[in-house]
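# Observations on chain architecture
Letter by letter, the chains look like this.
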Amino acid sequence: MHPAGPAFGENLHRLQQLLDEVRAEDLHLAPQGPAAAATGGAGCPRAGAVPPVSYMHICETESFSMGVFLLRGGACIPLHDHPGMNGMLKVLYGTLRIACMDALPAAAAPPPPPAPGPGPCLRALLRSRQHYTPASPPCLLSPHSDNLHQIDAVDGPAAFLDILAPPYDPEHGRDCHYYRLLEGPPAGAEPSLPREVWLLETAPAADFWCGGEPYPGPRVCP
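Basis of the calculations
- Residues numbered from 1 in each chain as written.
- Predicted model: local features only at pLDDT ≥ 70, side-chain atom pairs only at ≥ 80, totals over all residues.
- Heavy atoms only, no water.
- Helix = DSSP H or I, 4+ residues; strand = E, 2+ residues; numbered from the N terminus.
- Buried < 20%, exposed > 50% of the residue type's maximum accessible area, 1.4 Å probe, protein only.
- Contact = heavy atoms within 4.5 Å.
- Disulfide = S-S within 2.5 Å.
- Pairing = 2+ DSSP bridges.
- 1 Å grid on protein atoms, 1.4 Å probe; cavity = no way out; pocket = protein on both sides within 12 Å on 5 of 7 lines; lining within 4 Å.
- Points joined across faces, edges and corners; volume = space filled by probe spheres on them.

- The protein is annotated in an unreviewed UniProt entry as 2-aminoethanethiol dioxygenase from Pavo cristatus.

Encoded structure:
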(Lines give C-alpha, C1' and ligand atoms only; values in the text may rest on other atoms or scores of the structure.)
Protein backbone atom coordinates (compact mmCIF):
# COMPACT_ATOMS: atom_id res chain seq x y z
CA MET A 1 0.00 0.00 0.00
CA HIS A 2 2.00 2.98 -1.25
CA PRO A 3 0.11 6.29 -1.09
CA ALA A 4 2.25 7.77 -3.85
CA GLY A 5 0.90 5.33 -6.41
CA PRO A 6 -1.92 6.48 -8.70
CA ALA A 7 -4.07 3.44 -7.89
CA PHE A 8 -3.56 3.63 -4.11
CA GLY A 9 -7.17 4.47 -3.28
CA GLU A 10 -8.57 1.77 -5.55
CA ASN A 11 -6.14 -0.87 -4.25
CA LEU A 12 -6.83 0.12 -0.65
CA HIS A 13 -10.56 -0.26 -1.18
CA ARG A 14 -10.09 -3.67 -2.82
CA LEU A 15 -7.85 -4.88 0.00
CA GLN A 16 -10.42 -3.68 2.52
CA GLN A 17 -13.11 -5.68 0.72
CA LEU A 18 -10.96 -8.83 0.68
CA LEU A 19 -10.00 -8.49 4.33
CA ASP A 20 -13.64 -8.01 5.29
CA GLU A 21 -14.36 -11.50 3.93
CA VAL A 22 -11.72 -13.28 6.05
CA ARG A 23 -13.07 -15.42 8.87
CA ALA A 24 -11.35 -17.26 11.74
CA GLU A 25 -12.03 -20.65 10.15
CA ASP A 26 -10.23 -19.53 6.97
CA LEU A 27 -7.06 -19.31 9.07
CA HIS A 28 -7.83 -22.54 10.99
CA LEU A 29 -8.41 -20.59 14.21
CA ALA A 30 -10.87 -21.34 17.01
CA PRO A 31 -11.81 -18.82 19.69
CA GLN A 32 -9.17 -18.98 22.41
CA GLY A 33 -6.64 -16.73 24.06
CA PRO A 34 -2.86 -17.11 23.96
CA ALA A 35 -1.71 -20.66 24.60
CA ALA A 36 0.03 -21.62 27.82
CA ALA A 37 2.90 -22.92 25.67
CA ALA A 38 3.36 -19.62 23.84
CA THR A 39 7.03 -18.68 23.71
CA GLY A 40 7.86 -15.39 25.37
CA GLY A 41 9.51 -12.66 23.36
CA ALA A 42 12.47 -10.57 24.44
CA GLY A 43 11.90 -9.06 27.86
CA CYS A 44 9.22 -11.58 28.88
CA PRO A 45 8.83 -10.85 32.62
CA ARG A 46 7.51 -14.29 33.60
CA ALA A 47 9.12 -17.33 32.03
CA GLY A 48 6.50 -20.04 31.51
CA ALA A 49 3.57 -17.70 32.20
CA VAL A 50 0.69 -17.31 29.77
CA PRO A 51 1.25 -14.01 27.94
CA PRO A 52 -1.61 -11.52 27.76
CA VAL A 53 -1.05 -11.29 23.99
CA SER A 54 0.62 -13.56 21.47
CA TYR A 55 1.47 -13.19 17.79
CA MET A 56 1.24 -15.62 14.88
CA HIS A 57 3.61 -14.54 12.13
CA ILE A 58 2.26 -15.16 8.62
CA CYS A 59 4.69 -13.34 6.33
CA GLU A 60 6.78 -10.19 5.95
CA THR A 61 8.44 -8.45 3.01
CA GLU A 62 10.01 -5.02 2.55
CA SER A 63 6.54 -3.77 1.62
CA PHE A 64 4.24 -5.25 4.26
CA SER A 65 3.87 -7.55 7.25
CA MET A 66 0.94 -9.82 8.07
CA GLY A 67 0.10 -11.75 11.21
CA VAL A 68 -2.55 -12.59 13.79
CA PHE A 69 -2.69 -11.22 17.34
CA LEU A 70 -4.41 -13.29 20.03
CA LEU A 71 -5.58 -11.49 23.18
CA ARG A 72 -6.54 -13.08 26.46
CA GLY A 73 -9.85 -11.89 27.91
CA GLY A 74 -9.33 -8.47 29.49
CA ALA A 75 -5.90 -8.05 27.85
CA CYS A 76 -4.77 -4.74 26.38
CA ILE A 77 -2.26 -3.81 23.71
CA PRO A 78 -1.15 -0.45 25.11
CA LEU A 79 -1.43 2.82 23.22
CA HIS A 80 1.25 2.80 20.52
CA ASP A 81 2.06 4.30 17.14
CA HIS A 82 2.91 3.18 13.59
CA PRO A 83 5.29 5.86 12.22
CA GLY A 84 4.91 6.37 8.46
CA MET A 85 2.77 3.25 8.09
CA ASN A 86 -0.63 2.25 6.72
CA GLY A 87 -2.52 -0.59 8.32
CA MET A 88 -5.66 -2.69 8.52
CA LEU A 89 -7.01 -4.65 11.45
CA LYS A 90 -9.76 -7.25 11.00
CA VAL A 91 -11.34 -8.93 14.04
CA LEU A 92 -11.54 -12.72 13.61
CA TYR A 93 -13.35 -13.57 16.84
CA GLY A 94 -14.32 -11.84 20.06
CA THR A 95 -14.84 -8.13 20.66
CA LEU A 96 -12.21 -5.40 20.67
CA ARG A 97 -12.50 -1.85 21.93
CA ILE A 98 -10.15 0.31 19.89
CA ALA A 99 -9.28 3.89 20.78
CA CYS A 100 -7.78 5.78 17.82
CA MET A 101 -5.78 9.02 17.94
CA ASP A 102 -4.00 11.40 15.58
CA ALA A 103 -0.73 13.12 16.45
CA LEU A 104 -1.05 16.92 16.40
CA PRO A 105 1.63 19.58 15.94
CA ALA A 106 2.80 21.01 19.25
CA ALA A 107 3.17 24.54 17.83
CA ALA A 108 0.80 27.10 19.37
CA ALA A 109 -0.50 24.50 21.80
CA PRO A 110 -0.86 25.18 25.52
CA PRO A 111 1.90 23.57 27.61
CA PRO A 112 1.27 19.97 28.64
CA PRO A 113 0.35 19.13 32.22
CA PRO A 114 3.23 18.16 34.51
CA ALA A 115 4.62 14.80 33.40
CA PRO A 116 5.43 12.12 35.99
CA GLY A 117 8.23 10.72 33.85
CA PRO A 118 11.20 11.80 31.71
CA GLY A 119 9.74 10.83 28.33
CA PRO A 120 8.70 13.37 25.68
CA CYS A 121 5.10 14.57 25.47
CA LEU A 122 2.89 14.37 22.39
CA ARG A 123 -0.23 16.37 21.66
CA ALA A 124 -2.93 14.21 20.06
CA LEU A 125 -6.55 14.15 19.00
CA LEU A 126 -8.57 11.30 20.50
CA ARG A 127 -10.83 10.67 17.52
CA SER A 128 -12.83 7.58 18.39
CA ARG A 129 -13.38 4.74 20.82
CA GLN A 130 -15.36 1.95 19.17
CA HIS A 131 -16.17 -1.73 19.54
CA TYR A 132 -15.22 -4.08 16.70
CA THR A 133 -16.44 -7.65 16.12
CA PRO A 134 -16.10 -10.12 13.21
CA ALA A 135 -19.12 -8.40 11.65
CA SER A 136 -17.35 -5.01 11.63
CA PRO A 137 -15.40 -3.69 8.65
CA PRO A 138 -11.63 -3.49 9.09
CA CYS A 139 -10.20 -0.75 11.26
CA LEU A 140 -7.92 1.40 9.09
CA LEU A 141 -4.93 3.56 9.96
CA SER A 142 -2.70 5.81 7.87
CA PRO A 143 0.49 7.77 8.61
CA HIS A 144 -1.65 10.80 9.58
CA SER A 145 -5.04 9.40 10.67
CA ASP A 146 -5.73 6.97 13.54
CA ASN A 147 -2.00 6.21 13.62
CA LEU A 148 -2.00 5.80 17.39
CA HIS A 149 -4.32 3.26 18.94
CA GLN A 150 -4.99 1.15 22.02
CA ILE A 151 -6.65 -2.25 21.70
CA ASP A 152 -8.61 -3.93 24.53
CA ALA A 153 -10.24 -7.37 24.51
CA VAL A 154 -13.80 -7.09 25.84
CA ASP A 155 -15.83 -9.93 27.40
CA GLY A 156 -13.45 -12.76 26.62
CA PRO A 157 -10.56 -13.64 24.28
CA ALA A 158 -10.25 -12.02 20.88
CA ALA A 159 -8.08 -12.25 17.77
CA PHE A 160 -7.43 -10.01 14.80
CA LEU A 161 -5.60 -10.18 11.50
CA ASP A 162 -3.08 -7.34 11.22
CA ILE A 163 -1.52 -5.94 8.04
CA LEU A 164 1.03 -3.10 8.11
CA ALA A 165 2.59 -1.45 5.06
CA PRO A 166 5.45 -0.90 5.24
CA PRO A 167 6.36 -3.03 8.28
CA TYR A 168 8.13 -1.83 11.39
CA ASP A 169 11.81 -1.15 10.72
CA PRO A 170 13.75 0.82 13.38
CA GLU A 171 16.68 1.37 11.01
CA HIS A 172 14.36 3.36 8.73
CA GLY A 173 12.57 5.32 11.44
CA ARG A 174 9.62 2.96 11.85
CA ASP A 175 9.99 1.90 15.46
CA CYS A 176 7.07 1.34 17.87
CA HIS A 177 6.60 3.89 20.67
CA TYR A 178 4.26 3.47 23.63
CA TYR A 179 2.27 6.23 25.31
CA ARG A 180 -0.18 6.90 28.11
CA LEU A 181 -2.63 9.71 28.74
CA LEU A 182 -1.31 12.49 30.93
CA GLU A 183 -4.79 13.37 32.16
CA GLY A 184 -7.82 11.24 32.83
CA PRO A 185 -11.29 11.87 31.41
CA PRO A 186 -13.41 14.52 33.14
CA ALA A 187 -15.46 13.31 36.05
CA GLY A 188 -19.05 12.36 35.31
CA ALA A 189 -20.36 11.44 31.88
CA GLU A 190 -18.18 10.02 29.12
CA PRO A 191 -16.49 13.01 27.42
CA SER A 192 -17.50 13.79 23.87
CA LEU A 193 -15.14 12.91 21.03
CA PRO A 194 -13.05 14.03 19.32
CA ARG A 195 -11.03 15.85 21.98
CA GLU A 196 -7.43 16.96 22.37
CA VAL A 197 -5.21 15.11 24.85
CA TRP A 198 -1.58 15.04 25.91
CA LEU A 199 0.36 11.77 25.85
CA LEU A 200 3.57 10.80 27.60
CA GLU A 201 5.95 8.48 25.76
CA THR A 202 6.78 5.64 28.11
CA ALA A 203 7.82 2.03 28.32
CA PRO A 204 4.95 -0.50 28.06
CA ALA A 205 3.41 -1.64 31.32
CA ALA A 206 5.31 -4.34 33.20
CA ASP A 207 2.37 -6.74 32.86
CA PHE A 208 2.32 -6.47 29.05
CA TRP A 209 4.39 -8.68 26.82
CA CYS A 210 3.79 -10.56 23.61
CA GLY A 211 4.47 -14.25 23.12
CA GLY A 212 4.74 -16.16 19.86
CA GLU A 213 2.71 -19.06 18.48
CA PRO A 214 2.84 -21.04 15.22
CA TYR A 215 0.42 -19.96 12.52
CA PRO A 216 -1.89 -22.91 11.65
CA GLY A 217 -3.55 -21.47 8.54
CA PRO A 218 -2.86 -21.67 4.81
CA ARG A 219 0.50 -20.55 3.53
CA VAL A 220 0.72 -17.01 2.17
CA CYS A 221 3.17 -16.44 -0.69
CA PRO A 222 4.04 -12.73 -1.10
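## Let's talk about the overall build of the protein
- On a plain count of helices and strands, the protein comes out with one helix and eleven strands.
- Sequence-ordered secondary structure for the protein, helices as α and strands as β, is α-β-β-β-β-β-β-β-β-β-β-β.
- Taken over 222 residues, the protein has a buried fraction of 40%.
- Of the contacts formed within the protein by residues at least 6 apart in sequence, a portion of 79% connects residues at least 24 apart.

## Observations concerning the environment of Leu164
- Here Leu164 is to be found in strand 8 (residues 148-165).
- The buried category is assigned to Leu164, whose relative accessible area is 4%.
- Placed 22 residues apart in sequence, Leu164 and Ser142 show a C-alpha to C-alpha distance of 9.7 Å.
- Leave out the neighbours within four places in its chain, and Leu164 touches Ser63, Phe64, Ser65, His82, Met85, Asn86 and Gly87.

## As for the state of the cysteines
- With the rule as written, the count across this model stands at zero disulfides.
- Cys139 provides the cysteine sulfur closest to Cys100, a residue in no disulfide bond, and the two sulfurs are 4.1 Å apart.
- What makes Cys100 buried here is its relative accessible area of 2%.

## Side note on the pairing of strand 2 (residues 53-60)
- Where strand 2 lies against strand 3 (residues 65-71), seven bridges are found, and the strand directions are antiparallel. Residue Val53 lies in a different strand from strand 3, and its bridge partner there is Leu71.
- The turn linking strand 2 back onto strand 3 is made up of four residues.
- Sheet topology places strand 2 next to strand 11 (residues 210-212); three bridges connect them, and they run parallel. Directly across from Ser54, in strand 11, lies its bridge partner Gly211.

## Points about the layout of surface pockets
- Computed from the structure, the second largest pocket encloses a volume of approximately 250 Å³.
- Forming the boundary of the second largest pocket are 17 residues, of which Leu79, Met101, Gln150, Tyr179 and Leu181 lie nearest the centre.
- Elements supplying a minimum of two residues to the lining of the second largest pocket: strand 4 (76-80), strand 5 (86-103), strand 6 (121-132), strand 8 and strand 9 (178-181).
- The element contributing the most residues to the lining of the second largest pocket is strand 9, with four residues.

## Regarding unusual backbone geometry
- Geometrically, the link from Ala165 to Pro166 is a cis peptide bond, its omega value of -5° lying close to zero.
- As for its placement among the helices and strands, Pro166 is situated in the loop between strand 8 and strand 9.
- Of the consecutive residues Leu193 and Pro194, the connecting peptide bond is found in the cis state with omega at 0°.
- Phi is positive for Asp146, close to 55°, though the residue is something other than glycine.
- Summarising the element assignment, Asp146 is placed in the loop between strand 7 (139-141) and strand 8.
- For Asp146, a relative accessible area of 12% corresponds to the buried category.

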